[in-house]
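A closer look at the structure
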Amino acid sequence: MRTRFAPSPTGPLHLGHAYSAMLAYDMTTKAGGEFLLRIEDIDQSRARPKWEAQIYDNLHWLGLEWPEPVMRQSDRMPAYHNALAKLEGMGLLYRCTCKRRDIETAVSAPQEGVEPAYGPDGLIYPGTCRNAGHRDRNAALRLNMAKACDMLGNPVLEFSETGPAHKGIHRITPDGLIHRVGDIVLARRDMGTSYHLSVVLDDAAQKITNVIRGEDLFNATKIHVLLQTLLGLPTPTYHHHRLIRDNTGKRLAKRDDARAIAKYRGDGACPADIRKMVSLQA
Ligand code: GLU
């Protein structure tokens, strides 16, 4: 068993992250497996060395260990570009120049009264640029989902889930991918890659067998399984865990400094107190 904790260094490590990291660590060590750390810093406009340093410091303080060197996504751009070139070679990508506002306008305009559909990445892309033939090198790259499913022979894809809320085998139909996920962005214009593409390539490169992460990413897993299939990569077992919420029931956000592990440490908490706060065994 090989797992990973993959934080983005864009804010303080808070209780929700600590829970995710400790749960993955506990499950892995219990199984005699290996726990890895990966720094997801593709968003260089938001990633900061100070947050990365705080991640290492807090995770060590919590008692977690991992092998060095740690994989950092910012070092992996050639791997992401290779995969994009492969998908482009398969004729599955197109350039998209739409801004968020363009997409909102396009989905709200035609049928009034019909609720716009949302997928794992927000509004489902209406396909405006699909056949536009844009050549702009600075445009985003989208996956033509219908074409991707067709190229694979429209199979029903599967993944197995061990998390409490969705335990079992999950089937992903081409229809669901086309209509409830849509043409997702695989390379953002400002990044040259995307969370979905990078996470899939990195999990494969790190030979991750079990992905343990928050329930908020459950629907994104459908995208990840599709990308694994297109790129010929193995599909790990998934475990989506409950989210740690604040007293009002809202899930903790990156900017939720009040729940930062650094804050609890400053107030004199010990690692066992943190474990208690998120209901994990000491
Ligand atoms: N960097 C992602 C996050 O912090 C990790 C998601 C994942 O584990 O796949 O939400």
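Above this note sits the structure.
Definitions and limits used
- Residues numbered from 1 in each chain as written.
- Predicted model: local features only at pLDDT ≥ 70, side-chain atom pairs only at ≥ 80, totals over all residues.
- Heavy atoms only, no water.
- Pairing = 2+ DSSP bridges.
- Helix = DSSP H or I, 4+ residues; strand = E, 2+ residues; numbered from the N terminus.
- Axes fitted to C-alpha atoms, helices over the stretch in contact; angles between N-to-C directions.
- Contact = heavy atoms within 4.5 Å.
- Phe/Tyr/Trp six-rings, centres within 6.5 Å; stacked < 30°, edge-to-face > 60°.
- Buried < 20%, exposed > 50% of the residue type's maximum accessible area, 1.4 Å probe, protein only.
- Near = heavy atom within 4 Å.
- Polar contact = N/O pair within 3.5 Å; in protein donor to acceptor, adjacent residues only side chain to side chain.
- Areas by Shrake-Rupley, 256 points an atom, 1.4 Å probe, with all protein chains shown as cover.
- Core = buried A, V, L, I, M, F, W, Y, C linked by side-chain atoms within 4.5 Å.
- Parallel < 35°, antiparallel > 145°, perpendicular 65-115°, else oblique.
- Left-handed = near helix turned anticlockwise from the far one by under 90°.
- Nonpolar A, V, L, I, M, F, W, Y, C, P; charged D, E, K, R; others polar.

Structural notes on the sheet that holds strand 7 (residues 140-143)
Strands belonging to one sheet form pairs held by backbone hydrogen bonds; the direction of such a pair is parallel or antiparallel. Taking strand neighbours across the sheet as the criterion, the three strands line up as 4-7-10 in an open arrangement whose pairing is antiparallel. Of all strands in the sheet, those bounded by a partner on one side alone are strand 4 (93-96) and strand 10 (185-187). For this sheet the average axis-to-axis angle between neighbouring strands, irrespective of direction, equals 45 degrees. In this structure, strand 4 lies alongside strand 7, joined through four bridges in antiparallel fashion. By the bridge assignment for strand 7, Tyr-94 is matched with Arg-142. Sheet strands in contact with helix 3 (residues 77-89) are strand 4, strand 7 and strand 10, and its direction is about 105 degrees off that of strand 4.

A word on the packing of aromatic side chains
In total, this model carries four aromatic pairs according to the counting rule given. Judged by centre distance (5.2 Å) and plane angle (85 degrees), the ring pair of Tyr-25 and Phe-35 falls under edge-to-face. Of the two residues, Tyr-25 sits in helix 1 (residues 15-30) while Phe-35 sits in strand 2 (residues 34-39), which places them 10 residues apart along the sequence. With respect to burial, Tyr-25 and Phe-35 carry one shared label: buried.

Brief notes about the site of the ligand
Near the ligand, the surroundings consist of Arg-4, Ala-6, Ser-8, Glu-40, Tyr-195, Val-199, Arg-213 and Leu-217. Here an oxygen atom of the ligand sits 2.5 Å away from a polar atom, N or O, in the side chain of Arg-4. One nitrogen or oxygen atom from the main chain of Ala-6 is found 2.8 Å from a nitrogen atom belonging to the ligand. Protein burial of the ligand: of its 300 Å² of free accessible surface, 81% is covered by the chains.

Let's talk about the nonpolar core
In terms of nonpolar packing, the biggest core is built from 36 residues, with Leu-87, Leu-143, Met-145, Leu-177, Leu-186, Leu-197 and Leu-230 touching the most fellow members. Of the residues forming this core, the biggest block, six residues, is contributed by helix 8 (residues 220-231). What Leu-186 contacts, discounting residues up to four positions off in sequence, is Leu-84, Leu-87, Leu-93, Leu-141, Arg-142, Leu-143, Thr-193, Ser-194, Leu-197 and Leu-227. If you look at the next biggest cluster of nonpolar residues, it comprises 28 residues, including Leu-15, Phe-35, Ile-55 and Leu-252.

Let's talk about the packing of helix 7 (residues 195-205) against helix 8
Relative orientation and spacing of two packed helices are given, respectively, by the angle between their axes and the distance between those axes. It is at 9 Å that the axes of helix 7 and helix 8 come closest, and there the two elements cross at 60 degrees. As far as their axial angle goes, helix 8 and helix 7 are oblique. Of the two elements, helix 7 crosses helix 8, and the hand of that crossing is right-handed. The residues of helix 8 that touch helix 7, namely those facing Tyr-195, His-196, Leu-197, Val-199, Val-200 and Leu-201, are Ala-220, Ile-223, His-224, Leu-227, Gln-228 and Leu-231. Looking at the contact of helix 7 with helix 8 residue by residue, the classes come out as nine nonpolar, three polar and no charged.

Notes on unusual backbone geometry
Residue Pro-69 follows Glu-68 across a cis peptide bond; omega there is -5 degrees. Checked against the element boundaries, Pro-69 lands in the loop between helix 2 (49-61) and strand 3 (71-72). For Lys-207, which is not a glycine, the phi torsion comes out positive at approximately 50 degrees. A residue is classified by how much of its surface remains accessible, and Lys-207, at 60% relative accessible area, is exposed. Even without glycine at this site, Ser-279 takes up a positive phi of about 55 degrees. Tracing the sequence through the fold places Ser-279 in the segment after helix 10 (271-277). Taking the relative accessible area as the measure of exposure, Ser-279 reaches 59% and is therefore exposed.

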